[in-house]
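# Observations on chain architecture
Listed below, chain by chain, are the residues.
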Amino acid sequence: MVSTCPACFTPIDDAKWVVYSNAKYHNSCFTCHTCERQIGSDEVFRHNGGLRTCVDCAKKEDPSIGEEKVCYGCETPIDKVWVIGLDQKWHSECFKCCECSRIIDPTEKFYRVSFEST
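Residues numbered from 1 in each chain as written. Predicted model: local features only at pLDDT ≥ 70, side-chain atom pairs only at ≥ 80, totals over all residues. Heavy atoms only, no water.

### Quick notes on the overall build of the protein chain
Test applied: Each helix corresponds to a stretch of at least 4 residues labelled H or I by DSSP, and each strand to a stretch of at least 2 residues labelled E; elements are numbered beginning at the N terminus. The contact criterion used is simple: two residues touch if any of their non-hydrogen atoms lie within 4.5 Å. Computed with the Shrake-Rupley method and a 1.4 Å probe, the accessible areas treat only the protein chains shown as cover for residues.
Scanning the protein chain for helices and strands turns up one helix and 10 strands. Element order for the protein chain, N to C, with α for helix and β for strand: β-β-β-β-β-β-α-β-β-β-β. Residue pairs at least 24 apart in sequence account for 10% of intrachain contacts in the protein chain once pairs closer than 6 positions are excluded. When the accessible surface of the protein chain is totalled, it reaches about 8900 Å², and 50% of it is carbon and sulfur.

Below, the structure written as structure tokens:
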């Protein structure tokens, strides 16, 4: 069965191709959705809803891409997935309520409470 490139809608009969998001692309069709530069599969990642994005364009939108991320809660490196809360990056399992230690789901509302000593 011959695959069809989702970028140019022509059959892929080349010996080499790129697989992205479960679809095969011609190498020449595998381009950044922002700048249209041909990109290698080693510099591609899901960004902006899964669109093909080169590292340079992704860094324009998020300068922290490529930087080591450290969890604010446990101070260890964050590998792949993190939660942003209280203007800090956290492992999802480290972002907890300070009162009951329940993990806070990133989709739920939470409130910052300040305790002042008198």
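### Let's talk about the pattern of salt bridges
Should their charged atoms come close, side chains of opposite charge can pair. Operational definition: For salt bridges, the criterion is a side-chain nitrogen of Lys or Arg within 4 Å of an Asp or Glu carboxyl oxygen. Burial classes: relative accessible area under 20% of the type maximum marks a residue as buried, over 50% as exposed, and values in between as partly exposed (1.4 Å probe, protein chains only).
Enumeration according to the criterion identifies one salt bridge in this entry. The residue Arg-102 makes a salt bridge to Glu-108 at a minimum N-O spacing of 3.2 Å. For Arg-102, a relative accessible area of 44% gives the class partly exposed. Residue classification places Glu-108 among the partly exposed residues on the basis of a relative accessible area of 28%.

### Things to note about the side chain of Thr-31
The residue Thr-31 is located in the loop between strand 4 (23-25) and strand 5 (45-47) in this model. Its relative accessible area of 17% is what places Thr-31 among the buried residues. Contacts of Thr-31, omitting those with residues within four sequence positions, involve Glu-36, Arg-37, Gln-38, Ile-39 and Arg-52.

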